[in-house]
Structure formats: structure tokens, C-alpha cells
Amino acid sequence: MNDSLKDLKEAITKNIIREWYWYKVCEGCESIVDASDATCPICRAYRFDGSKKRVIAHAFNVYDRFQELIDSDPGQWECSG
Ligand SMILES: [Zn+2]
């Protein structure tokens, strides 16, 4: 695996875990979004769970999903954020 992608993945995951209060989990699509977003930029839902437990649990899910994205389409995740 590309080391820079792995480093980026770890950096994002660690950043979410360290600064979980900047994020919230969309109840519609279960994405981690910015805490300041009024609606989900992905599915337009407006219900979120901003609890530390939920956000950190999802940070680990994101970590796993990054690997799937990198394996399936290297360009997909680069454009999403
Ligand atoms: Zn959503």
C-alpha cells in the first residue's frame, strides 16, 4: 500500500478522534460531517448525532472505508472532501 495514502488515512482518523467535537454523524447516511454543517452535504439530511462515542466509533469506520475506497477507485475519495 502507498505510504502517503496510509499516512493520510491515519492522520484523518486521528484528527477526528482527537477533535471529535468538530464533527457529527449524519443520521441519514452515517457520514462524518463538519459540526457546523446545517444539513448533510452528502444526503441533505438534517439529523445528526454529535456525541463523542458515536463520532469516534465512526472514525474507525471511516478508517476501514478508506481502504475500500483506495482499493476500488483511487480518485474517488480525493474529490469528495
Ligand atoms: Zn448524510
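1. Digging into the nonpolar core
Among the nonpolar cores identified, the biggest contains nine residues, and these are Trp-20, Tyr-23, Val-25, Cys-26, Ile-32, Cys-40, Phe-48, Val-55 and Ala-59. Taken together, the elements giving at least two residues each to this core come down to β1 (23–26) and α2 (52–72). Among the elements that take part in this core, β1 stands out by supplying three residues, more than any other. Setting aside its immediate chain neighbours within four residues, Val-55 contacts Ile-16, Trp-20, Tyr-23, Lys-24, Val-25, Ile-32 and Gly-50.

2. Considerations on α2
For α2, built from 21 residues, the straight-helix expectation of 30 Å at 1.5 Å per residue is met to within 8% by its first-to-last C-alpha distance of 30 Å. Taken together, the buried positions of α2 are Val-55, His-58 and Ala-59. One side of α2 carries all its buried residues, which in axial view fall inside an arc of 120°. The exposed residues of α2 that point more than 90 degrees off its buried face are Lys-53, Ala-57, Phe-60, Asp-64, Glu-68 and Asp-71. Considering only its buried residues, α2 is in contact with α1 (3–18), β1 and β2 (32–34).

3. What about the confidence of the model for the chain?
Predicted confidence across the chain gives a mean pLDDT of 84, with 88% of residues reaching 70 or more. Across the chain, the element-wise mean pLDDT spans from 54 in helix α3 (residues 76–80) up to 96 in strand β3 (residues 48–49).

4. Quick look at the environment of Thr-13
Here Thr-13 is to be found in helix α1. You can call Thr-13 partly exposed: it has 18 C-beta atoms within 10 Å. In this structure the C-alpha to C-alpha distance between Thr-13 and Asn-61, which are 48 residues apart in sequence, comes to 9.3 Å. Not counting residues up to four positions away in its chain, the partners in contact with Thr-13 are Ala-59, Val-62 and Tyr-63.

5. Digging into the environment of Lys-9
Turning to its location among the elements, Lys-9 is positioned in helix α1. Note on Lys-9: 21 C-beta atoms within 10 Å, which makes it buried. The spatial distance from the C-alpha of Lys-9 to the C-alpha of Phe-66 is 6.8 Å, given a sequence separation of 57 residues. Among residues more than four places away in sequence, those in contact with Lys-9 are Tyr-63 and Phe-66.

Criteria and thresholds
- Think of each chain on its own: its residues are numbered from 1, step by step along the sequence as written.
- Given that the model is predicted, a residue must reach a pLDDT of at least 70 before its local features are reported, and side-chain atom pairs must reach 80 or more before they are shown or counted; all residues, however, enter totals for whole chains, interfaces and linings.
- Nonpolar core, as used here: buried Ala, Val, Leu, Ile, Met, Phe, Trp, Tyr and Cys residues forming one set through C-beta atoms within 7 Å.
- Remark: C-beta atoms are placed from the backbone, and a residue is labelled buried if 20 or more other C-beta atoms sit within 10 Å of its own, exposed if 12 or fewer do, or partly exposed between those counts.
- Helix and strand assignments come from DSSP, with helices taken as H or I runs of at least 4 residues and strands as E runs of at least 2, each series counted from the N terminus.
- Once C-beta atoms have been placed from the backbone, residue pairs whose C-beta atoms lie within 7 Å are recorded as contacts.
- One fewer than the residue count of a helix, multiplied by 1.5 Å, yields its expected span.
- What the arc describes is the spread of directions from the helix axis to the C-beta atoms.
- Each residue carries a pLDDT score, the predictor's own confidence in it, on a scale running from 0 to 100.

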